[in-house]
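Structural features, examined
This is what each chain is made of:
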Amino acid sequence: MASQNSRRYKAESLEEVPVRSSFPLPWRIVCALYSVARGFLYRKNHTINRTLSNFVDITAKASSKPVDGVYSEDVSYGEHAEQYARVFRPANPGTEKIPVVFFFHGGGFAILCAASKTYDRMCRLVAKGAQAMVVSVNYRRAPEHRYPTAYDDCFEAIRWAQAECQSGGELFAAADATRVFFVGDSAGGNIAHFMMARAVQSDVSPLELKGVVQLHPFFGGVERSPAELRMPDALFLSLEFTDWFWAAFLPPGADRDHPACNVFGPGAEDLSGLALPPILVTIGSNDILQDWQARYVQKLRDMGKNVTTRCSDVCHAEYILDDVMQALMDESVRFIQSSAS
């Protein structure tokens, strides 16, 4: 396992990564259980069984005592119950101020939360590995709260942190506001893109964005990509359910060429003139979204932006397994450390 872990996310392009024909038993079990559950979770009218969704989401409580060397606490940033951030801080940060990482969770904009055990674990790994303060943003979810609620909530959390830093609040006393990063997985990677675009066009001082990490970001479009045609029944995230998530999130009547989905499609914002920070995008050769992610990278590079890719042979969300999660967080930490110096 350790040797396999050491090889993950080392390739810089998908051409260097094989497509796997077999997957570990724990992952196959997870996918089988999810396949059964999603028929009860996601309704054909693009509503969700929220009671069941919350029941199957295994969560972790914030802890004022160190867990894996990291403290955590839940703090409200808005007037709604779902508007809170789980803030992680390393137990022994030293005397110097530490970077701030905003983490945006995935789940197709519809499921999971900042307290989900997977995200609690991921954020602890980043906080400890990068010796950083991690602000994991919880936001209101679709379909009860469609576009642009998730984006607005996450930017409200950034504004809240800005105000805390400006006022000298105790929560951010150890934070270095000049070293800020946005990290997100799947739908959270999509959110990180839009938070980056908003932040560089807004006065968020004293916050200074130094880098963005997008872990298997959730993008799409009306056109069917080669990967979508080749693997419509991809493990964990199939074509049917990418379509479901977009239909549940986008405004009623919108198609997948809406700028929230097809971020460089018709009607999308022109980012070519923006001073974007360095960006890291991770891509899996067994992820149905891989072509959209690769196109995203190429579009940014065509604009002259600084984009690094790290590719592996994983499926979408396979990082819920410990070995893949560790490898993915190690890459994130290396990027943060190199960009923060």
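For the structure given in this document, a descriptive report is provided here. (Residues numbered from 1 in each chain as written. Predicted model: local features only at pLDDT ≥ 70, side-chain atom pairs only at ≥ 80, totals over all residues. Heavy atoms only, no water.)

To continue, consider the side chain of D57. Along the chain, D57 falls in the loop between α3 (50–56) and β1 (70–76). Buried within the structure, D57 lacks any salt-bridge partner; R141 is the closest side chain of opposite charge, at an N-O distance of 5.0 Å. Contact partners of D57, with chain neighbours within four places excluded, come to L112, C113 and S116. (Helix = DSSP H or I, 4+ residues; strand = E, 2+ residues; numbered from the N terminus. Buried < 20%, exposed > 50% of the residue type's maximum accessible area, 1.4 Å probe, protein only. Lys, Arg positive; Asp, Glu negative; His and termini not counted. Salt bridge = Lys/Arg side-chain N within 4 Å of Asp/Glu carboxyl O. Contact = heavy atoms within 4.5 Å.)

For the coordinates displayed, the defined rule picks out 23 aromatic pairs. Measuring from ring centre to ring centre gives 4.6 Å for Y34 and F236, while their planes differ by 20°; the resulting arrangement is stacked. Here the residue Y34 occupies a position in helix α2 (residues 25–41), and F236 occupies one in the loop between α7 (226–230) and α8 (239–249), the gap between them amounting to 202 residues. In textbook terms, an aromatic cluster arises when at least three aromatic residues are bridged by ring pairs, as seen for W27, Y34, Y42, F236, F241, W244 and F245. The residue whose ring lies beneath R295 is W292, and the NZ or CZ to ring-centre distance is 4.7 Å. (Phe/Tyr/Trp six-rings, centres within 6.5 Å; stacked < 30°, edge-to-face > 60°. Lys NZ or Arg CZ within 6 Å of the ring centre and 35° of its normal.)

Residues L25, I29 and L33 make up a contiguous nonpolar surface patch of roughly 300 Å² in combined accessible area. Note that I29 resides in helix α2. (Patch = residues over 30% accessible without salt bridge, like charges linked within 9 Å, V, L, I, M, F, W, Y side chains within 5 Å. Areas by Shrake-Rupley, 256 points an atom, 1.4 Å probe, with all protein chains shown as cover.)

So, on to unusual backbone geometry. Here the bond from A142 into P143 is cis, since omega is 5°, no more than 30 degrees from zero. As for its position among the elements, P143 is in the loop between β4 (133–137) and α5 (149–167). For the peptide bond that leads from S205 to P206, omega is 10°, which places it in the cis range. Mapped onto the fold, P206 is located in the loop between α6 (187–200) and β6 (209–215). Even without glycine at this site, Q131 takes up a positive phi of about 50°. Phi is positive for H216, close to 50°, though the residue is something other than glycine. Within the secondary structure layout, H216 lies in the loop between β6 and α7.

This part is about the packing of α5 against α6. Contact geometry of α5 with α6 gives a least axis separation of 10 Å together with a crossing angle of 55°. Classed by the angle they form, the pair α5 and α6 counts as oblique. The element α5 and its partner α6 pack so that their crossing is right-handed. Contacts between α5 and α6 involve A150, Y151, D152, C154, F155 and I158 from the first element and N190, I191, F194, M195, R198 and A199 from the second. (Axes fitted to C-alpha atoms, helices over the stretch in contact; angles between N-to-C directions. Parallel < 35°, antiparallel > 145°, perpendicular 65-115°, else oblique. Left-handed = near helix turned anticlockwise from the far one by under 90°.)

Moving on, we get to the packing of helix α4 (residues 117–130) against helix α10 (residues 322–340). For the pair α4 and α10, interaxial distance at closest approach is 9 Å and the crossing angle is 40°. One element, α4, and the other, α10, form an angle in the oblique class. Viewed along their axes, α4 and α10 form a crossing whose handedness is right-handed. Mapping the contact onto sequence places T118, R121, M122, L125, V126, G129 and A130 in α4 and M325, Q326, M329, V333, I336 and Q337 in α10. Its residues placed into classes, the contact of α4 with α10 shows eight nonpolar, four polar and one charged. (Nonpolar A, V, L, I, M, F, W, Y, C, P; charged D, E, K, R; others polar.)

It is worth spelling out the nonpolar core at this point. Ranked by internal contacts, the top residues of the largest apolar core, which has 80 residues, are F102, F104, F172, F182 and M195. The residues contacting M195, other than those within four sequence positions of it, are F104, Y151, C154, F155, I158 and F182. In terms of nonpolar packing, the next biggest core, distinct from the first, is built from 36 residues, V70, C123, V126 and C315 among them. (Core = buried A, V, L, I, M, F, W, Y, C linked by side-chain atoms within 4.5 Å.)

Two faces belong to every sheet, and in a regular strand the side chains alternate between them. Of all eleven residues in strand β5 (residues 175–185), ten are buried; the element is thus mostly enclosed. Relative to β5, strand β3 (residues 98–104) runs parallel, the two being bridged by six bridges. Residue pairing for β5: V101 is matched across the bridge by F181. Here β5 pairs with β6 via six bridges, running parallel. Looking at β6, one finds that G184 is bridged to Q214. After leaving β5, the chain enters α6 and then returns to the sheet as β6, a path that is right-handed. (Pairing = 2+ DSSP bridges. Right-handed = clockwise from strand over helix to strand, strands pointing away.)

Once that is clear, we can look at α4. For α4, with 14 residues, the first-to-last C-alpha span of 20 Å sits near the 20 Å given by 1.5 Å per residue. Just downstream of α4 lies Q131, where phi reads positive at about 50°. (Expected span 1.5 Å × (residues − 1).)

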